[in-house]
Amino acid sequence: MSQGNTTTDHKVIQKWIEDRKGRPSVVSGTEGDDGEGILRVDFGPKEDRLEEISWEDFFKTFEDRKLAFLHQDKTADGKESRFFKFVKR
C-alpha cells in the first residue's frame, strides 16, 4: 500500500516537484484582489490555462493561504508518483 506525506517545508516541496520535472504555476484568470491565482504544478506538456510563476511567488501564495502539501512518493507498485494535493493546515 502506498502512503501520503504532508509537509510545509519549502525545500522538500520544491525538490519533490522538480524531481518530477514539474513547474510552479497558477491557473490563468483566477487571480483575485490579492493578485494570487489558484496554485497548480505543471508537469507538461504545457497546459494553456497554466501560467508558470517563480518559486518565490508560489511559496508566497502557499503561505498566504496557509496551505500544506500532501504528496505521495511512490505508487502502490513502487513507481514514482506525481500525486499531490494542496490542503489547509
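Source: prediction; values computed, not measured. (Residues numbered from 1 in each chain as written. Predicted model: local features only at pLDDT ≥ 70, side-chain atom pairs only at ≥ 80, totals over all residues. Heavy atoms only, no water.)

Peer 1: What is the right way to look at the packing of aromatic side chains in this model?
Peer 2: Any two aromatic rings considered together are summarised by their centre-to-centre distance and by the angle between their planes. Applying the stated criterion across every chain yields a total of 13 aromatic pairs. Between the aromatic rings of F43 and F84, the centroid separation amounts to 6.1 Å while the plane-to-plane angle is 65°, which identifies the pairing as edge-to-face. Of this pair, F43 sits in the loop between β3 (39-42) and β4 (50-52) while F84 is found in strand β6 (residues 84-88), placing the two residues 41 residues apart along the sequence. This pair shows no difference in class: F43 is buried, exactly as F84 is. Taking 6.4 Å as the distance between ring centres and 65° as the angle between the ring planes, the aromatic pair formed by F62 and F86 counts as edge-to-face. Remark: F86 occurs in strand β6 and F62 occurs in helix α2 (residues 55-64); sequence separation between them is 24 residues. On the basis of relative accessible area, F86 is assigned to the buried category, the value being 19%. A network of ring pairs unites the aromatic residues W16, F43, W55, F58, F59, F62, F69, F84 and F86 as a single cluster. (Phe/Tyr/Trp six-rings, centres within 6.5 Å; stacked < 30°, edge-to-face > 60°. Helix = DSSP H or I, 4+ residues; strand = E, 2+ residues; numbered from the N terminus. Buried < 20%, exposed > 50% of the residue type's maximum accessible area, 1.4 Å probe, protein only.)

Peer 1: What exactly am I supposed to notice about the side chain of R20 here?
Peer 2: Topologically, R20 is positioned in the loop between α1 (10-19) and β2 (23-27). The side chain of R20 is buried and forms no salt bridge, while D73, the nearest opposite charge, is found at 4.1 Å. The contact partners of R20, leaving out residues within four places of it in the chain, are F43, Q72, D73, E80, S81 and R82. (Lys, Arg positive; Asp, Glu negative; His and termini not counted. Salt bridge = Lys/Arg side-chain N within 4 Å of Asp/Glu carboxyl O. Contact = heavy atoms within 4.5 Å.)

Peer 1: What exactly am I supposed to notice about the sheet that holds β2 here?
Peer 2: Paired through their backbone hydrogen bonds, the strands of a sheet run either parallel or antiparallel. Across the sheet, 3 strands lie side by side as β3-β2-β4; this open sheet has antiparallel pairing. At either margin of the open sheet sits one strand with a lone partner, and together these are β3 and β4. Within this sheet the neighbouring strands show an average axis-to-axis angle of 45°, counted without direction. When β2 meets β4, the two strands line up antiparallel, connected through 3 bridges. Looking at β4, one finds that V27 is bridged to L50. (Pairing = 2+ DSSP bridges. Axes fitted to C-alpha atoms, helices over the stretch in contact; angles between N-to-C directions.)

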